Amino acid sequence: MMQKRNLLCLSRALIAALLVGASSTALAGPIVIKFAHVVAENTPKGQGALLFEKLAEARLSGKVDVQIFPNGQLYNDNDVLLALLKGDVQLAAPALSKFSKFTDVLQLYDLPFLFDDLSAVECFQQSPAGQEMLRSMMSKGIFGLSYWHNGMKQLSASRPLLRPEDAQGLKFRIMSSDVLRAQFEALQANPQKLAFTEVYQALQAGTVDGQENTWSNIYSKKFYEVQPAISESNHGLLDYMVVTSLRFWKGLPYDIRAGLKEALDEATAEANRLADLQNSEARLAIQASGKTEILSLSKQEKQAWRAKMQPVWSQFREEIGGSLIDAAAACNG
């Protein structure tokens, strides 16, 4: 009788434990994925993030809860990577220039006149060398998932810029980047680090004389209203990298990782398509506004700018890696 009673108690205990385990699993709910970025939802990056949310939650129904935080609601690009490593957010998409504290190789994307156009950028980023650069920060705990385009950069200033000499002595706003600083110093201009949100006011007040940006940024932030001329230089690239923490990514079940990567790949294609479209539309809108003059550089003029800036490649060749620079340049034409 005692033995039967003990077996009954044991059975009840096992059933209770299973019920508690099932209840705990149910209460755990979907995996929360916070995606923080600093731009508006109507930008290519903002639209790409929203599409990722939609696709990921459709593919992994009930398994993930993707939450998008645009406009720097949680963190700016300078703070988001630390938040990522602490686990406060799970995804971010800073400009490539923001990763200089974690790796030297991504400085490649700031080199002036390295890529002729976005086709050359795509060629390199999809190559084994470009894909390997996504993993360049793994030792620091950051894992790159995808490249998102903003576009090719143009130069604007308080006076027309047709020749490199026209930039001499002017103050240009830059992101925090040693390569971009060296680029303007090669022109004998004065680079000034400044937050993106402060650029319009600085241009209007004359605190800085000029800036470099994509057509879509120049239009959406109304920089063209306070710059009398914009040179269509296509001299540099402004791109983002979608990143996560290595610890978070490796901790996900395989099916969750696979589903998220599929959703991200599809969102990447759409975000990059939108970036190209918006840059074309923004250029036309700026031209139609009549508030600034768009200067088309001749082949000889563009070559003069290239010759003046290209020594920056040699300056950073050892840090970045000569073979990477050569592989990127080989994608042109």
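## Notes on the overall build of the protein
Along the protein, the regular secondary structure elements total 13 helices and 9 strands. With respect to the three principal axes, the spread of C-alpha positions in the protein is 100 × 40 × 30 Å. Each of the 333 residues in the protein was classed as buried or not, and the buried ones make up 49%. Across the protein, contacts joining residues at least 24 apart in sequence account for 73% of those joining residues at least 6 apart. Accessible area of the protein: about 15,800 Å², with a carbon and sulfur share of 53%.

## Thoughts on the packing of helix H6 (residues 178-186) against helix H12 (residues 311-320)
Closest axis-to-axis distance for the H6/H12 pair is 9 Å, and the angle between their directions is 150°. Note that H6 runs across H12; the crossing there is right-handed. Residues Asp178, Val179, Ala182, Gln183 and Ala186 of H6 touch H12, and the partners they reach there are Val312, Gln315 and Phe316.

## Here's the deal with the state of the cysteines
Enumeration over the complete set of coordinates arrives at 1 disulfide. Bridging Cys123 to Cys331, the disulfide has an S-S length of 2.3 Å. Given an S-S torsion of about -65°, the disulfide between Cys123 and Cys331 has left-handed geometry. With Cys123 in helix H4 (residues 118-125) and Cys331 in the segment after helix H13 (322-329), the pair connects residues that are 208 residues apart, well separated along the chain.

## A closer look at the side chain of Thr244
Position of Thr244 relative to the elements: it lies in strand S8 (residues 229-245). In this structure the side chain of Thr244 is engaged in a polar contact, spanning 2.8 Å, whose partner is the backbone oxygen of Gln90. Among all residues touching Thr244, those that are not within four sequence positions of it are Leu84, Gln90, Leu91, Gly141, Ile142, Phe143, Leu145 and Trp249.

## Side note on the layout of surface pockets
Roughly 950 Å³ of volume is contained in the largest pocket. Around the largest pocket sit 38 residues that line it, and Val38, Val39, Phe196, Asn217 and Lys221 are the ones nearest its centre. Within the residue set of the lining of the largest pocket, elements represented by two or more residues are helix H2 (44-59), strand S4 (142-157), strand S5 (171-174), strand S7 (210-213), helix H8 (215-220), S8 and helix H10 (254-289). A per-element tally of the lining of the largest pocket places H8 first, with 4 residues. For the lining of the largest pocket, a count of residues per class yields 14 nonpolar, 15 polar and 9 charged. Estimates place the volume of the second largest pocket at around 250 Å³. Here the residues of the lining of the second largest pocket are counted per class, giving 3 nonpolar, 5 polar and 6 charged.

## Looking at the pairing of strand S1 (residues 31-36)
The pairing of S1 with strand S2 (residues 64-69) spans 6 bridges and is classified as parallel. Bridged to Ile33 within S2 is Val66. With respect to chirality, the unit in which S1 leads through H2 into the neighbouring parallel S2 is right-handed. In this sheet, strand S3 (residues 91-92) lies alongside S1 in parallel orientation, the contact comprising 2 bridges. By the bridge assignment for S3, Ala36 is matched with Ala92.

## Focus on empty space enclosed by the protein
As enumerated under the stated definition, the model contains 1 cavity of 30 Å³ or more in all. The volume enclosed by the largest cavity comes to roughly 40 Å³. Taken together, Leu96, Ser97, Tyr109, Asp110, Met175, Leu237, Leu238 and Asp239 form the lining of the largest cavity. For the lining of the largest cavity, a count of residues per class yields 5 nonpolar, 1 polar and 2 charged.

## Side note on H10
Under the 1.5 Å per step criterion, the end-to-end length of H10 is 51 Å for 36 residues, consistent within 8% with the ideal 52 Å. Just downstream of H10 lies Gly290, where phi reads positive at about 70°.

## Some remarks on the nonpolar core
Phe35, Phe52, Trp148, Leu161, Phe172, Leu260 and Trp305 are the most contacted members of the largest nonpolar core, which totals 45 residues. Counting residues per element, this core draws most heavily on H10, at 6 residues. Setting aside chain neighbours within four positions, we find Leu161 in contact with Leu155, Ser156, Asp166, Ala167, Leu170, Phe172, Ser231, Leu295, Leu297 and Trp305. Grouped together as the second largest cluster of nonpolar side chains are 40 residues, Leu96, Val105, Ala182 and Trp313 included.

## A look at unusual backbone geometry
Of all residues except glycine, most have a negative phi; of all peptide bonds, most are trans. For Asn71, which is not glycine, the phi torsion reads 55° and is therefore positive. As for its placement among the helices and strands, Asn71 is situated in the loop between S2 and helix H3 (80-86). Asn71 gets classed as partly exposed once you look at its relative accessible area, which sits at 47%. Here Asn234, not a glycine, exhibits a phi torsion of approximately 45°, which is positive. Along the polypeptide, Asn234 turns up in strand S8.

## Comments concerning the environment of Trp313
Along the chain, Trp313 turns up in helix H12. Taking C-alpha positions, Trp313 is 8.0 Å from Pro112, a pair spaced 201 residues apart along the chain.

The rules behind these values
- Residues numbered from 1 in each chain as written.
- Predicted model: local features only at pLDDT ≥ 70, side-chain atom pairs only at ≥ 80, totals over all residues.
- Heavy atoms only, no water.
- Helix = DSSP H or I, 4+ residues; strand = E, 2+ residues; numbered from the N terminus.
- Buried < 20%, exposed > 50% of the residue type's maximum accessible area, 1.4 Å probe, protein only.
- Contact = heavy atoms within 4.5 Å.
- Areas by Shrake-Rupley, 256 points an atom, 1.4 Å probe, with all protein chains shown as cover.
- Axes fitted to C-alpha atoms, helices over the stretch in contact; angles between N-to-C directions.
- Left-handed = near helix turned anticlockwise from the far one by under 90°.
- Disulfide = S-S within 2.5 Å.
- Polar contact = N/O pair within 3.5 Å; in protein donor to acceptor, adjacent residues only side chain to side chain.
- 1 Å grid on protein atoms, 1.4 Å probe; cavity = no way out; pocket = protein on both sides within 12 Å on 5 of 7 lines; lining within 4 Å.
- Points joined across faces, edges and corners; volume = space filled by probe spheres on them.
- Nonpolar A, V, L, I, M, F, W, Y, C, P; charged D, E, K, R; others polar.
- Pairing = 2+ DSSP bridges.
- Right-handed = clockwise from strand over helix to strand, strands pointing away.
- Expected span 1.5 Å × (residues − 1).
- Core = buried A, V, L, I, M, F, W, Y, C linked by side-chain atoms within 4.5 Å.

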